[in-house]
Amino acid sequence: MPDLQSNLGRKWVTPAAIVAAVGFLYLSVISKLGYDWGTDENYSHGLLVPFVIGVIVWLERERLAAVSDGGSRILGSAAVAAALALLLAGTLGSELFTQRISLLVMAAAIVVYFFGRRMLVYLAVPFGLFLLAIPIPQIIFNRIAFPLQLWASQVSVWGIRLFEIPVVRKGNVIDILPRGATQTLSLEVVEACSGIRSLMTLVTLALVLAYFTRRNEDGPIGGFTVPDLSRTLLLMMAAVPIAVFTNAGRVMGTGILTFYYGRSATDGVWHDVSGWLVYVAALALLIAANFILKRVLGDRPASSEIKSGNTTHKPGPGALPLIAALILGGLAVNWFVGRGEVQVSRSMLTELPKALGTWQQRGDEIKFGKDVEAVLKTTDYTMREYSSQSGRIANIYVGYYSTQRTGATYHSPQNCLPGAGWVMSDPQIVTITTSDGRTFNANRYLLKNGVYNEVMIYWYQGRGRIEASEYDDKLNTIWDSVTRRRTDGAMVRVMTSVGSDESEALNAASDLAARLAEQLPAFIPE
């Protein structure tokens, strides 16, 4: 009995040591990911994903043991090095997504290191579930969320008008005049109602549903046969329209009830119940789609079977080098993180001059509401109006972030303005020239919202760089975080009415942009 207990103890020493080393290396990443799962409703399904992965691995334990080939030290070590590089880049570049992808790559590297590439193929579903539980970068999220909001708004308005209810849509805002009322009510199709939240959950459920309804469990591609794999991919794609249309139905129902019952239909019991009904309806449609796809696609015998005749595996690589690499990597990453960022002196944006060339400030600073400020998460910002000698009025906004390591970052006008009803058109890159001859590129858009026509110029500025592309700015932020220990920066926007002369409006906006850029280094340090 003592020998048996000793053998069992030694059996679990290596896995426990590896788990502890990975935990040490990714402690901050795992804790922040868990926090986001608990607080971000878009990814609340992530709390269940580890348990689902555990169930799948346990059910497939015999099959996985059969495909183990003893591991690959060279390939596994290379993957571990790649994961460490991603973690370091993500940490220094303040990019949470890169850090979390590094954790996924590290898990795959450990599998390859000890069990070989073939087992990685058979763990495709657990790794896919983990990937779907990682929040995507805010830049990409906004690119997905806002179109879905607009799409849900369009479908909802179409449905409401079928009931002969007068309704007006401006972007993702729906205006309804309740019966017998004299003032319209505005319904904003936010992320929760656009389908983006249920979409993340539904795509994950589609993968789980397809996995557990396979007709043949001996498929060569992650346990899937080709027909089953095709059904899985189609089912995951079907989750997109299902999420949007069910949520559009929710908005449509809210709009109809608002017409008859006023504001009370947008709050309280109906709002909560409708949210649950959306999930139930979406899940039912997903199950129905899976049933139909199984009937249509059918199945064929697996093209290959798992050969488990080789029960004597070559000795696997030692765990000590891997554990040492994980610990050393953890020490290095924690050292880089512990350095913090260089603190730079700057003036507050409230001190921005009231005169910018021939432009004079008009009125007081404009402040957002607390809810908008909570979304923007700026360190400092200013929004104000300036008037030219000819009487032209322009609006400027400067949002400054002292650090982007915490996840707070710029909100692109391309994402925010369409949601407020603005239609953006005719994008161009324009060159702005300051009075001392310096030039930089900026984005130019024409905006339309009802009777309002505006020209907008915006750019990203910080650490001595000015970029038109938010993606180029992000890459520069990563580089400057590594080489200069700085991630501070700002998004700068100028808007003015097009009026009767678009060319004159563009020249005026460009002039104000140049005068503003000349003053910004004191507020956005170089």
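Predicted model, so just to flag it, every value in this text is computed and none were measured.

Student: Could you give an account of the layout of surface pockets, with specific residues and numbers?
Tutor: For the second largest pocket, the calculated volume is near 1600 Å³. In terms of lining residues, the second largest pocket is bounded by 35 residues, among which V19, V57, I110, V111 and F115 are the most central. Elements with a contribution of two residues or more to the lining of the second largest pocket: α1 (2-25), α2 (27-39), α3 (49-59), α4 (61-67), α6 (96-115) and α8 (124-132). Examining the composition of the lining of the second largest pocket, we find that 8 residues originate from one element, α1, more than from any other. Taken together, the residues of the lining of the second largest pocket sort by class into 28 nonpolar, 5 polar and 2 charged.

Student: Give a detailed account of α2, specifying residues and quantitative values.
Tutor: Between its first and last C-alpha, α2 extends 18 Å over 13 residues, near the 18 Å set by a 1.5 Å rise per residue. Those residues of α2 lying buried are V29, L33, D36 and W37. Seen along its axis, α2 keeps its buried residues to an arc of 100 degrees; they face one direction. Opposite its buried face, α2 presents the exposed residues L27, S28, Y35 and G38, each directed more than 90 degrees away. Where the residues of α2 are buried, they touch α3, α5 (73-92), α6 and α8.

Student: Pulling in residues and values, what's your account of the nonpolar core?
Tutor: Of all hydrophobic cores here, the largest spans 65 residues; its most connected members are L25, Y26, M106 and L129. Leaving out residues up to four positions away in the same chain, M106 has contacts with L25, Y26, V80, A83, L84 and L326. Residues Y386, V398, Y400 and V492 belong to the second largest nonpolar core, which totals 32 residues.

Student: Tell me what's going on with a nonpolar patch on the surface, and back it up with residues and numbers.
Tutor: A contiguous nonpolar patch, built from L233, L234, M237, F291, I292, V296 and L297 and spanning about 690 Å² of accessible area, is present on the exposed surface. Secondary-structure elements contributing two or more residues to the nonpolar patch are α12 (226-261) and α13 (268-297). The element that contributes the greatest number of residues to the nonpolar patch is α13, accounting for 4 residues. Relative to the elements of secondary structure, V296 occurs in helix α13. The class of V296 is exposed, set by a relative accessible area of 63%.

Student: Could you give me a rundown of the confidence of the model for the chain, with the residues and numbers involved?
Tutor: Of the residues in the chain, 85% have a pLDDT of 70 or more, and the chain-wide mean is 81. Note on residues 1-9: pLDDT is under 50 here. Beyond four places in sequence and across chains, it has 0 contacts. Within the model, pLDDT remains below 50 along residues 301-313, and this stretch shows 20 contacts once partners closer than five positions in the same chain are excluded.

Student: So what's going on with the side chain of S156? Which residues, and what values?
Tutor: Along the chain, the position of S156 falls in helix α9 (residues 138-161). Beyond its immediate stretch of four places on either side in the chain, S156 contacts I174, A248, V251 and M252.

Student: Provide a residue-level description of the environment of A319, including the pertinent values.
Tutor: Within the element layout of this structure, A319 appears in the loop between α13 and α14 (320-338). Judged by relative accessible area, which is 15%, A319 ranks as buried. Along the sequence, A319 and Y113 sit 206 residues apart, while their C-alpha atoms lie 9.0 Å from each other. What A319 contacts, discounting residues up to four positions off in sequence, is T14, I18 and F114.

Student: Residues and numbers for the packing of α3 against α8, please.
Tutor: When two helices pack together, their arrangement is given by the angle between the helix axes and by the axis-to-axis distance. Here α3 crosses α8 at 180 degrees, and the two axes come no closer than 10 Å. Considering the angle they form, α3 stands roughly antiparallel to α8. Taken together, the residues of α8 that come into contact with α3 (itself represented by V49, V52, I53, I56 and V57) are V125, P126, L129 and F130. For the contact of α3 with α8, the class distribution of residues is 9 nonpolar, no polar and no charged.

Student: Can you break down the packing of α5 against α6 residue by residue, with the values?
Tutor: Packing of α5 against α6 leaves a shortest axis separation of 8 Å and a crossing angle of 170 degrees. Accordingly, the angle class assigned to the pair α5 and α6 is roughly antiparallel. Between α5 and α6, the contacting residues are R73, L75, G76, S77, A79, V80, A83, L84, L86, L87, G90 and T91 on the first element and T98, Q99, I101, S102, V105, M106, A109, V112 and Y113 on the second. When its residues are assigned to classes, the contact of α5 with α6 shows 13 nonpolar, 7 polar and 1 charged.

Student: Outline the pairing of strand β7 (residues 393-401), listing residues and values.
Tutor: For a regular strand, side chains alternate in direction, first toward one face of the sheet and then toward the other. Within β7, 8 of the 9 residues are buried, which leaves it mostly tucked inside the rest of the structure. The antiparallel pairing of strand β6 (residues 380-387) with β7 creates a hairpin that spans 5 residues between the two strands, and G391 there sits at a positive phi of about 95 degrees. Summarising the sheet, β7 and strand β12 (residues 489-497) pair through 8 bridges and their orientation is antiparallel. Its bridge partner being in β12, I396 is matched across the sheet by V494.

Student: Account for α5, with residues named and values stated.
Tutor: Relative to the 28 Å expected for 20 residues at 1.5 Å per residue, α5 spans 28 Å between its end C-alpha atoms, a close match to the ideal helical length. For α5, every residue scored as buried is listed here: G76, V80, A83, L84, L87, G90, T91 and L92.

Student: I'd like a description of the side chain of R392, backed by residues and values.
Tutor: Following the sequence through the fold, R392 ends up in the loop between β6 and β7. Given a relative accessible area of 15%, R392 falls into the buried group. For R392, the side chain forms a polar contact with the main-chain oxygen of S497, separated by 2.4 Å. Side chain to side chain, R392 and E504 meet in a polar contact 2.4 Å long. Other than its neighbours up to four places away in sequence, R392 contacts W359, Y386, S387, T496, S497, V498, E504, A505 and A508.

Student: Would you mind going over the packing of aromatic side chains in detail, with residue names and values included?
Tutor: Taken as a whole and judged by the stated rule, the model has 9 aromatic pairs. Summarising the aromatic geometry, the rings of Y113 and F114 are spaced 5.0 Å apart at their centres and angled 75 degrees between planes, so their arrangement reads as edge-to-face. Exposure class is identical for Y113 and F114. Each is buried. Ring centres of F440 and W459 lie 5.1 Å apart, and the angle between their planes is 55 degrees; on these two criteria the pair is classed as tilted. With F440 in strand β9 (residues 439-449) and W459 in strand β10 (residues 452-462), the pair connects residues that are 19 residues apart, well separated along the chain.

Reading the values: the criteria
Residues numbered from 1 in each chain as written. Predicted model: local features only at pLDDT ≥ 70, side-chain atom pairs only at ≥ 80, totals over all residues. Heavy atoms only, no water. 1 Å grid on protein atoms, 1.4 Å probe; cavity = no way out; pocket = protein on both sides within 12 Å on 5 of 7 lines; lining within 4 Å. Points joined across faces, edges and corners; volume = space filled by probe spheres on them. Helix = DSSP H or I, 4+ residues; strand = E, 2+ residues; numbered from the N terminus. Nonpolar A, V, L, I, M, F, W, Y, C, P; charged D, E, K, R; others polar. Expected span 1.5 Å × (residues − 1). Buried < 20%, exposed > 50% of the residue type's maximum accessible area, 1.4 Å probe, protein only. Arc of directions from axis to C-beta. Contact = heavy atoms within 4.5 Å. Core = buried A, V, L, I, M, F, W, Y, C linked by side-chain atoms within 4.5 Å. Patch = residues over 30% accessible without salt bridge, like charges linked within 9 Å, V, L, I, M, F, W, Y side chains within 5 Å. Areas by Shrake-Rupley, 256 points an atom, 1.4 Å probe, with all protein chains shown as cover. Salt bridge = Lys/Arg side-chain N within 4 Å of Asp/Glu carboxyl O. pLDDT = per-residue confidence, 0-100. Axes fitted to C-alpha atoms, helices over the stretch in contact; angles between N-to-C directions. Parallel < 35°, antiparallel > 145°, perpendicular 65-115°, else oblique. Pairing = 2+ DSSP bridges. Polar contact = N/O pair within 3.5 Å; in protein donor to acceptor, adjacent residues only side chain to side chain. Phe/Tyr/Trp six-rings, centres within 6.5 Å; stacked < 30°, edge-to-face > 60°.

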